[in-house]
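Okay, here's what each chain looks like letter by letter:
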Amino acid sequence: MIRQQSETDRQFILENMFVAVMDNIFLLVLVTLLSVVQNVFFALKVEKECTGQHSKHHSAAFERLSCANRNCMDTYPTFLAVLWCAGICLSQAPAAFAGIIYLVVRQKYFVGYLGQTCQSTPGFLFGKRILFFLSLMCVVGIINHLMLSYGGSDYKEYIQTITKAASTLLLLP
Amino acid sequence: MIRQQSETDRQFILENMFVAVMDNIFLLVLVTLLSVVQNVFFALKVEKECTGQHSKHHSAAFERLSCANRNCMDTYPTFLAVLWCAGICLSQAPAAFAGIIYLVVRQKYFVGYLGQTCQSTPGFLFGKRILFFLSLMCVVGIINHLMLSYGGSDYKEYIQTITKAASTLLLLP
Amino acid sequence: MIRQQSETDRQFILENMFVAVMDNIFLLVLVTLLSVVQNVFFALKVEKECTGQHSKHHSAAFERLSCANRNCMDTYPTFLAVLWCAGICLSQAPAAFAGIIYLVVRQKYFVGYLGQTCQSTPGFLFGKRILFFLSLMCVVGIINHLMLSYGGSDYKEYIQTITKAASTLLLLP
């Protein structure tokens, strides 16, 4: 019977699908956009420092800014990957929240970068705790999916509540 | 009633789902593949320059090529992120079109890189206008989704038409 | 008829959709997580080398480790992009398998990096064969989708079987 109404059904399914997909990713898209704005801000800072000090190339300030920018860019794909995996596998709200905290930490890192040599004093890898939290969310999401597939038990709602509560712990300094 | 036919329905939904998903991303996948080919092209250029000038390391030409490559690679995750977000949130055709223009701009940037110092003359950040256009598409897509969820009004078709028209403006030099 | 049951149907479709999405990406998420763990391992190695040799900055060992890390990070977004595109367009199992082999190759590359100058001896671009295989999977997936849309013939099952068999060829040294 359902196959006889195939065309309208298909339309109906697709409409619902896109609304559902957007419902589950729009916070992630927002955080991604914020991170892109931050990237552009970093790049413009480096460019300004570079063109401003045209007389004596590779000054200390430029070195440091460029280094901070490179460290931020090196970890950026890693951050995006875990952010989206965590958001899709488990729940988008805690993932987006952790993502925003990561962006704040990155801003602090970039502004406060004062190391003499590359990757030295303020830590080469920042936001380890947040990356760990997001990775953990992915793992929990996958385990829950496997349990649902093979065991038939679904703890997703409990896990999502726990995750939301746990994500506030990231606010601790 | 629908739940009684659960198994065949589920199959039917899934089949339609995958066709629908592919319908909405295959242009993005194509652009991503093109960008990957370009990345490999850049990397091979740098490698050739590097091994070709084995006698005097870190020659000026190698420095410059390596620098152009690094600038391209630094913005690559940012580009991919906004490309896919714009394509998923709003409409894939204009996003893929903007992506292809970005690749052309990047090719020009890489070939014409003649700056003496790293990140200096030809601009550290290229394709700002395209990144801005793609980000705008994301924002519009999210706003439309929120209006659809809370207000019930759906302007997606109008917006998609406008976006398609606007994307041709990127062709202006 | 189906529209009268709209609310429960929608719930039913969504539930199935999420299970289906997770079914089709959980291996990719696992490989992504593994690659993130490896990235963090690389970054910690570089950081340890950097802080350990605080007296004489930019020692040869640090240069080399930092260079290997940068080469790995430069190709990381490219790898993630083709991995996910191949997994979504065609089939996740061979894509995830190729991804794991890529991670093994990368580990070997990082550990065995002994080049004197940046990007020299052990090859600037590693895992070319795997990237090529994943790109090919994307292309085949898109061609199959277009044939399905316009021609009506679906060879996806045959292609998936062939791909699975072909992916074992990556094990050849």
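Reading guide: rules and limits
Residues numbered from 1 in each chain as written. Chains lettered and ligands numbered in written order. Predicted model: local features only at pLDDT ≥ 70, side-chain atom pairs only at ≥ 80, totals over all residues. Heavy atoms only, no water. Helix = DSSP H or I, 4+ residues; strand = E, 2+ residues; numbered from the N terminus. Buried < 20%, exposed > 50% of the residue type's maximum accessible area, 1.4 Å probe, protein only. Contact = heavy atoms within 4.5 Å. Areas by Shrake-Rupley, 256 points an atom, 1.4 Å probe, with all protein chains shown as cover. Phe/Tyr/Trp six-rings, centres within 6.5 Å; stacked < 30°, edge-to-face > 60°. Disulfide = S-S within 2.5 Å. Expected span 1.5 Å × (residues − 1). Bend = angle between axes of the 7 residues up to and from the residue. UniProt positions renumbered as here; feature names shortened; annotations may be inferred. Axes fitted to C-alpha atoms, helices over the stretch in contact; angles between N-to-C directions. Parallel < 35°, antiparallel > 145°, perpendicular 65-115°, else oblique. Nonpolar A, V, L, I, M, F, W, Y, C, P; charged D, E, K, R; others polar.

### Brief notes about the overall build of chain A
Check the secondary structure of chain A and you find 5 helices and 0 strands. When burial is assessed residue by residue, chain A has 53% of its 173 residues classed as buried. Sequence-distant contacts, at least 24 apart, represent 77% of the contacts inside chain A between residues at least 6 apart. Surface exposure of chain A reaches about 8000 Å², of which carbon and sulfur atoms provide 65%.

### Re the packing of aromatic side chains
A complete count under the given rule lists 9 aromatic pairs over all chains for this structure. Aromatic side chains Phe42 of chain C and Phe110 of chain C sit 4.0 Å apart centroid to centroid with 15° between the ring planes, which places their arrangement in the stacked category. On the criterion of sequence distance, the pair formed by Phe42 of chain C in helix 1 (residues 6–52) and Phe110 of chain C in helix 3 (residues 92–111) is long-range, its members being 68 residues apart. The structure contains a cluster of three or more aromatic residues connected by ring pairs, namely Phe41, Phe42 and Phe110 of chain A.

### Brief notes about the environment of Val19 of chain A
Residue and element names in this part refer to chain A. Looking at the secondary structure, you find Val19 in helix 1 (residues 6–52). Relative accessible area serves as the criterion here: at 22%, Val19 is assigned to the partly exposed category. Separated by 136 residues in the primary sequence, Val19 and Tyr155 have C-alpha atoms spaced 24 Å apart.

### Things to note about the state of the cysteines
Covalent bonding between the sulfur atoms of two cysteines is what defines a disulfide. Under the definition given, this model contains 0 disulfides over all chains. Of all cysteine sulfurs, the one in Cys138 of chain A lies closest to Cys89 of chain A, which takes part in no disulfide; the gap is 5.3 Å. Between Cys85 of chain B, a free cysteine, and Cys138 of chain B, which holds the nearest cysteine sulfur, the sulfur-to-sulfur gap is 4.8 Å.

### Details of helix 2 (residues 60–89) of chain C
Residues and elements named next belong to chain C. The terminal C-alpha atoms of helix 2 lie 43 Å apart, and with 30 residues this matches the ideal 44 Å at 1.5 Å per residue to within 8%. Maximum bend of helix 2: about 35°, positioned at Tyr76, with proline Pro77 one to four residues after it. The buried fraction of helix 2 is high, at 25 of 30 residues.

### Focus: the UniProt feature "transmembrane region" (unreviewed entry) in chain A
Residue and element names in this part refer to chain A. This chain's UniProt record puts "transmembrane region" (unreviewed entry) on residues 12–37, 79–105 and 130–148. What you have in residues 12–37 is 100% helix and 0% strand, and the ends, taken at the C-alpha atoms, are 36 Å apart. With 100% helix and 0% strand, residues 130–148 has end C-alpha atoms that lie 27 Å from one another.

### Considering the packing of helix 4 (residues 128–151) of chain B against helix 5 (residues 156–167) of chain B
All names here are of chain B. Relative to each other, helix 4 and helix 5 sit at 175°, their axes nearing to 11 Å. Between helix 4 and helix 5, the angle is such that the two are roughly antiparallel. Packed against helix 4, whose contacting residues are Phe133, Met137, Val140 and Asn144, the element helix 5 presents Lys156, Ile159, Thr163, Ala166 and Ser167 at the interface. Tallied by class, the residues present in the contact of helix 4 with helix 5 amount to 5 nonpolar, 3 polar and 1 charged.

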